[in-house]
Protein chains: 2
Amino acid sequence: MHDIAATAGVSRGTVSRVLNGGYVSASARAAIERAIREVGYVPNTAARNLVMQRSQAIGFIVLEPHSLFLEDPNIGGIMLGANAALSAADYQMVNLVVDSERDTARITRYLSGGFVDGAIIVSARSHDPIIQVVGGIALPSAFVGHPRDLHPDIPYVGIDNIASAEEITRRLVATGRRRVGMIASAVDRDSGADRLIGFQRALGPAFDEALVAEVPLYDFACGAKGMRTLLERDPTIDGVFAASDAVAAGAMEALREAGRTVPDDVGVVGFDDSSWATRTRPHLSTVHQPAGDIGSRAADLVLRQLRGESIDRGGVLMPSPVVWRASA
Amino acid sequence: MHDIAATAGVSRGTVSRVLNGGYVSASARAAIERAIREVGYVPNTAARNLVMQRSQAIGFIVLEPHSLFLEDPNIGGIMLGANAALSAADYQMVNLVVDSERDTARITRYLSGGFVDGAIIVSARSHDPIIQVVGGIALPSAFVGHPRDLHPDIPYVGIDNIASAEEITRRLVATGRRRVGMIASAVDRDSGADRLIGFQRALGPAFDEALVAEVPLYDFACGAKGMRTLLERDPTIDGVFAASDAVAAGAMEALREAGRTVPDDVGVVGFDDSSWATRTRPHLSTVHQPAGDIGSRAADLVLRQLRGESIDRGGVLMPSPVVWRASA
DNA sequence: TTGTAGGCGTTATCAC
DNA sequence: GTGATAACGCCTACAA
């Protein structure tokens, strides 16, 4: 900036004023703008950050094993939704991938070092060092995903997994299924546990533990494996709630291998309403997750705090309606 | 830092020395470390960046329509590979999503504003404003993906789409297929165009334009549509090269609907060796893309420049071997 | 309207 | 070993 002040024959203060916006004479402005072009000047944001005490950047962090980061059909939508909201407010979303202990330590520094003004954190767990830091330095943040056991000052946004699982299971039963099972993924995570709870709640006394196949991941292969387990345990099974669409697709594959048709022999429903849902034959009945809305809502929560507005502590649950297609 | 210097009764210089590493007496160090804990001090990275003239951060940018960003099976692997390499060198990878004109403008400022010391750019196109900027300020960078028509000073890493497409097509032919077609996706992009070129090259004079179905995207639905087109144009078709595994999966679905078996009636091969490849029945023969290696190689290219080492201008092609499974 | 000068939080270069 | 002090590049009163 020194250079351009010199070549334009003005003081640095005046240059700063045209860069931002203040009272500058037309002649001075013209000279400065020309000088800027000549010198190829670009403002140094680091210096600006230092004096302004803000970076106009918001971190977006997914605290999941990276396999899931790659596979989860919702993460991308959440990111895009968040980015759209942040972008509109002229904030740069910076996505940080945590894939090792080392990443965690480095990101911790990054967050507390003034690189970002806030953070959106997906799938936080209370014990995670990153959320300790966020809480510790009171970085304006929002959680996406796990509603419970988190820092009391940080809001979250998610969906009601229990209610939606319950609802879609009820409708599965309403199609006349008598022996309905579930392929329950990742029951060690809130979403997985909640979907199982909802399933059980819908069935009430008819719930049969033997008709629940637990699998570790929300993926296709686990779905196929879970379905085979279920068929083995009870060949008369005629309804299945899969914990995600990918799981459901895997289940349908196993069903086809076993010679069963969907929905005639077995009705199957999924969860997520991801691209899997319309990739299967027939298309999946499932629970719609408004990923984009979740992301933009989380962004909004952070932006509000940045503006000093008050927000509800606790969480906001976005609607996740059942979408009925042909698989059940 | 001022505070902790005061409470520890030393100068800021000494504090800085214990933070980084220099000669400090044990007593001073102890006093300072205690003060740090008491005050809950965290170093301000923005200030450090300003004086150090570096941020220890590298941007990672995907210049694709966001739909592809969500669907592409390779992007995630490339990201992870890049992150691993950068992390090991103690650099923070920051992922920037571009999803609008506005994003482009903002990212442009971000890159030239000192937020990052370098950038990895996936799927760059020469006309993109972002690569203009990168070239303009000589930001140490590497491109992933499109080998041609780019900035001469910036290296790239990718695979040889032409050679691999040619190789897998040849092996398809070698299984005895007489009427082999291709479902060609995104022929307006380098990867898509190259795979088509390789296909044509493998077939030589036997190449029949009518057996090429062009579809816009590398996805499942396009694969199914392309396959139906092909079957319609020539019911005797007995071999198909799909431009990606997702496309191949869609093609197999269409084949099944048409009552054809794979590989008996029709042999099909894909490209990517993504999770799709082992999700189909039978598993797909395909071209392996070493996504992780590509990412870490790109990171390495950037790190080298940062260290002032010389690198080869031009590009590096990573090996992308055919993996033979059961679908052909 | 414009110039001057102090300060943002660090690091680095000196003397001491 | 340690303490001043000058940058780093920018913004913003305050004066002129």
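What counts and how
- Residues numbered from 1 in each chain as written.
- Chains lettered and ligands numbered in written order.
- Predicted model: local features only at pLDDT ≥ 70, side-chain atom pairs only at ≥ 80, totals over all residues.
- Heavy atoms only, no water.
- Pairing = 2+ DSSP bridges.
- Helix = DSSP H or I, 4+ residues; strand = E, 2+ residues; numbered from the N terminus.
- Axes fitted to C-alpha atoms, helices over the stretch in contact; angles between N-to-C directions.
- Phe/Tyr/Trp six-rings, centres within 6.5 Å; stacked < 30°, edge-to-face > 60°.
- Buried < 20%, exposed > 50% of the residue type's maximum accessible area, 1.4 Å probe, protein only.
- Lys NZ or Arg CZ within 6 Å of the ring centre and 35° of its normal.
- Contact = heavy atoms within 4.5 Å.
- Domains from an automatic or database assignment.
- Buried area = accessible area lost by both parts, 1.4 Å probe.
- Salt bridge = Lys/Arg side-chain N within 4 Å of Asp/Glu carboxyl O.
- Polar contact = N/O pair within 3.5 Å; in protein donor to acceptor, adjacent residues only side chain to side chain.
- Nonpolar A, V, L, I, M, F, W, Y, C, P; charged D, E, K, R; others polar.
- Least-squares fit on C-alpha atoms with pLDDT ≥ 70 in both.
- Parallel < 35°, antiparallel > 145°, perpendicular 65-115°, else oblique.
- Core = buried A, V, L, I, M, F, W, Y, C linked by side-chain atoms within 4.5 Å.

Per an unreviewed UniProt entry, the recorded name for chain A is LacI family transcriptional regulator, and the organism is Paractinoplanes rishiriensis.

> Sorry if this is basic, but what is going on with the sheet that holds strand E9 (residues 267-269) of chain B here?
Residue and element names in this part refer to chain B. Spatial ordering of the open sheet is given by E7-E6-E8-E9, a layout of four strands whose pairing is parallel. Both outer strands of the open sheet, strand E7 (212-215) and E9, are each paired with one neighbouring strand and no more. Here the strands of the sheet are splayed against their neighbours by 15 degrees on average, with no regard to which way each runs. Bridging between strand E6 (residues 180-185) and strand E8 (residues 239-242) involves four bridges; their strand directions are parallel. Paired with Met182 across the bridge in E8 is Phe241.

> Honestly, the packing of aromatic side chains in this entry has me stumped. Any pointers?
For any pair of aromatic rings, the description consists of the separation of the ring centres together with the inter-plane angle of the planes. Applying the stated criterion to the full structure yields 11 aromatic pairs over all chains. Between Tyr110(A) and Phe115(A) the ring centres are 4.2 Å apart and the planes differ by 15 degrees, which places this aromatic pair in the stacked class. The exposure class assigned to Tyr110(A) is buried, which follows from its relative accessible area of 4%. You can call Phe115(A) buried: its relative accessible area is 4%. Relative to Trp276(A), the ring of Phe220(A) lies with its centre 5.7 Å away and its plane at 25 degrees, an arrangement referred to as stacked. Taken as a pair, Phe220(A) in helix H11 (residues 220-233) and Trp276(A) in the loop between strand E9 (267-269) and strand E10 (286-287) lie far apart in primary sequence, 56 residues in all. The exposure class assigned to Trp276(A) is buried, which follows from its relative accessible area of 11%. Among the aromatic side chains, those forming a connected cluster through ring pairs are Phe199(A), Phe207(A), Phe241(A) and Phe271(A). The ring of Phe271(B) carries the charged tip of Arg195(B) above its face, separated from the ring centre by 3.8 Å.

> What's the story with the sheet that holds E9(A) in this structure? I'm lost.
Note on sheets: strands pair through backbone hydrogen bonds, and any given pair is parallel or antiparallel. Residue and element names in this part refer to chain A. Sheet architecture is open: four strands sit in the order E7-E6-E8-E9, paired in parallel fashion. On the outer flanks of this sheet lie strand E7 (212-215) and E9, each paired with one strand and no other. In this sheet, neighbouring strand axes are inclined to one another by 15 degrees on average, regardless of whether the strands run parallel or antiparallel. Contacting strand E6 (180-185), strand E8 (239-242) and E9, helix H9 (residues 161-174) crosses the sheet at an angle of about 165 degrees to E8.

> In this structure, what is going on with the domain arrangement of chain A? I would like to understand it.
Reports of interface size often rely on the accessible area that becomes lost once the parts have come together. Residue and element names in this part refer to chain A. Domain assignment breaks chain A into domain 1 (2-42), domain 2 (57-158 + 292-318) and domain 3 (161-287). Centre-to-centre, using C-alpha coordinates, domain 2 lies 30 Å away from domain 3. With nine residues of domain 2 at the interface, the matching set in domain 3 holds seven residues. Around 730 Å² of area is buried between domain 2 and domain 3 when both sides are counted, 40% of it from carbon and sulfur atoms. Here domain 2 and domain 3 share zero salt bridges between them. Connecting domain 2 to domain 3 are one residue pair in polar contact (both at pLDDT 80 or more). In terms of residue class, the side of domain 2 that touches domain 3 is made up of three nonpolar, three polar and three charged.

> Just checking my understanding: could you explain the relation of the copies chain B and chain A for this structure?
Turning one copy of the chain about an axis and sliding it along that axis gives the other copy, so a rotation and a shift relate them. Rotating chain B by 180 degrees and translating it 0.0 Å along the rotation axis places it on chain A, where the RMSD comes to 0.1 Å. The operation mapping one copy onto its partner corresponds to a two-fold rotation axis. When C-alpha positions in chain B are compared against the rotation axis, the closest is assigned to Asn95(B), at 2.2 Å. Interface overlap between copies: 100% of the residues of chain B at the interface are likewise at the interface in chain A, consistent with a symmetric, same-surface contact.

> What exactly am I supposed to notice about the packing of helix H2 (residues 12-19) of chain A against helix H3 (residues 26-39) of chain A here?
Packed helix pairs are characterised by how far apart their axes lie and by the angle those axes make with each other. Residue and element names in this part refer to chain A. Direction vectors running N to C along H2 and H3 enclose 85 degrees, while the axes themselves pass 10 Å from each other. On the basis of the axis angle, H2 is roughly perpendicular to H3. Along its contact with H2, which presents Thr14, Val15, Val18 and Leu19, the element H3 presents Arg29, Ile32 and Ile36. Here the residues of the contact of H2 with H3 are counted per class, giving five nonpolar, one polar and one charged.

> Looking at this structure, I do not really get the nonpolar core. What am I missing?
The tendency in soluble globular proteins is for nonpolar side chains to be buried side by side. Counting residues in each nonpolar core, the largest one holds 48 residues, and the members touching the most others are Phe60(B) and Ile120(B). When residues of this core are assigned to domains, at least three fall in each of domain 2 (57-158 + 292-318) and domain 3 (161-287) of chain B. Setting aside chain neighbours within four positions, we find Phe60(B) in contact with Ile78(B), Met79(B), Ala82(B), Met93(B), Val94(B), Asn95(B), Leu96(B), Ile120(B) and Val122(B). Ile120(A), Ala142(A), Met182(A) and Val322(A) belong to the second-largest nonpolar core, a separate cluster that totals 47 residues.

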